[in-house]
Amino acid sequence: MSQIEQWVEKFQGFGEQPSASRYVALFDPEGTVFGSGMEGPLKVTEMSPHMEGILSLILFLHITVARWRAQADTVFVEAHNTATIAEQKMLWDAVYCVTLREGRVIRGRRYYDRAPLLACVSPAFPALPPYDPIIDRGLDQNTSVEAQGSGISPAEFLERYGQLW
């Protein structure tokens, strides 16, 4: 079994029974992790209290690896996460991207939509602002509908996009 496969197996173990110590064990002593909303990457010495804080807010966290791919020492893991947040059962997908050094994370990055999770923790958390398209009418009038292939003008596209937003 390769170092990458061994790491994925350890990550699966963490996902099945999350704990701060199991999380930190995935990392090289010089490793970092960064996620959306963080001011900067966390160092290994900061990870244990960070994970303890997460696990105190997100109860019954379970991470299920759906699939993974590796290129050299970089691994992308697609996962399905479940937890109870503020007494509400949640399900969200995430992608974890890690670069390994000798089988441990030297650089990690988490990608997922935080808005639904934060809304559970704090209902006062602001929602996304409405999308207000800015339309250049001069450009819109000079663009032929036939040249676009879609059959709608840029202004009409932006208006429809704004409604969907």
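Here, every reference points to the structure presented above.
Notes on the structure follow. (Residues numbered from 1 in each chain as written. Predicted model: local features only at pLDDT ≥ 70, side-chain atom pairs only at ≥ 80, totals over all residues. Heavy atoms only, no water.)

One non-glycine residue, Ala72, lies in the positive phi region at around 55 degrees. Mapping Ala72 onto the fold places it in the loop between strand 3 (58–71) and strand 4 (74–85). Given the relative accessible area of 64%, Ala72 is considered exposed. Notably, Glu87 is not glycine yet its phi reads approximately 65 degrees, a positive angle. Of note, Glu87 is situated in the loop between strand 4 and strand 5 (88–101). (Helix = DSSP H or I, 4+ residues; strand = E, 2+ residues; numbered from the N terminus. Buried < 20%, exposed > 50% of the residue type's maximum accessible area, 1.4 Å probe, protein only.)

With that settled, the discussion passes to the sheet that holds strand 5. Strand order across the open sheet formed by six strands is 2-1-6-5-4-3, with mixed pairing between neighbours. Of all the strands in the sheet, the pair left with one neighbour each is strand 2 (42–43) and strand 3. Bridge count for strand 1 (residues 27–35) against strand 2 is two bridges, and the pairing is antiparallel. Its bridge partner being in strand 2, Thr32 is matched across the sheet by Lys43. Against the sheet, helix 1 (residues 3–16) touches strand 3, strand 4, strand 5 and strand 6 (104–111), its axis set at about 165 degrees to strand 3. (Pairing = 2+ DSSP bridges. Contact = heavy atoms within 4.5 Å. Axes fitted to C-alpha atoms, helices over the stretch in contact; angles between N-to-C directions.)

Take a nonpolar patch on the surface next. A contiguous nonpolar patch, built from Phe76, Val95 and Tyr111 and spanning about 270 Å² of accessible area, is present on the exposed surface. Take Tyr111: it is sitting in strand 6. (Patch = residues over 30% accessible without salt bridge, like charges linked within 9 Å, V, L, I, M, F, W, Y side chains within 5 Å. Areas by Shrake-Rupley, 256 points an atom, 1.4 Å probe, with all protein chains shown as cover. Salt bridge = Lys/Arg side-chain N within 4 Å of Asp/Glu carboxyl O.)

Attention now goes to the pairing of strand 4. In this structure, strand 3 lies alongside strand 4, joined through 11 bridges in antiparallel fashion. Note on strand 4: the bridge partner recorded for Leu59 is Thr84. Hairpin connection between strand 3 and strand 4: a loop of two residues separates the two successive antiparallel strands, and Ala72 in this loop has a positive phi of roughly 55 degrees. The pairing of strand 4 with strand 5 spans 12 bridges and is classified as antiparallel. Across the sheet, Thr74 pairs through a bridge with Thr99, a residue of strand 5. The hairpin formed by strand 4 and strand 5 contains two residues between the paired strands, and Ala86 there has a positive phi angle of roughly 50 degrees.

If you walk through the whole model with that rule in mind, you get three salt bridges. The salt bridge involving Arg101 is made with Asp28; its shortest N-O contact spans 2.8 Å. Of this pair, Arg101 sits in strand 5 while Asp28 sits in strand 1; the two residues are 73 residues apart in sequence, bridging distant segments of the chain. In this structure Asp28 comes out as buried when scored by relative accessible area, which is 10%. Arg101 is the salt-bridge partner of Glu30, the closest N and O atoms lying 3.2 Å from each other. Residue Glu30 is found in strand 1, and its partner Arg101 is found in strand 5; the two are separated by 71 residues along the sequence. A single network of salt bridges, built from pairs that share partners, joins Asp28, Glu30 and Arg101.

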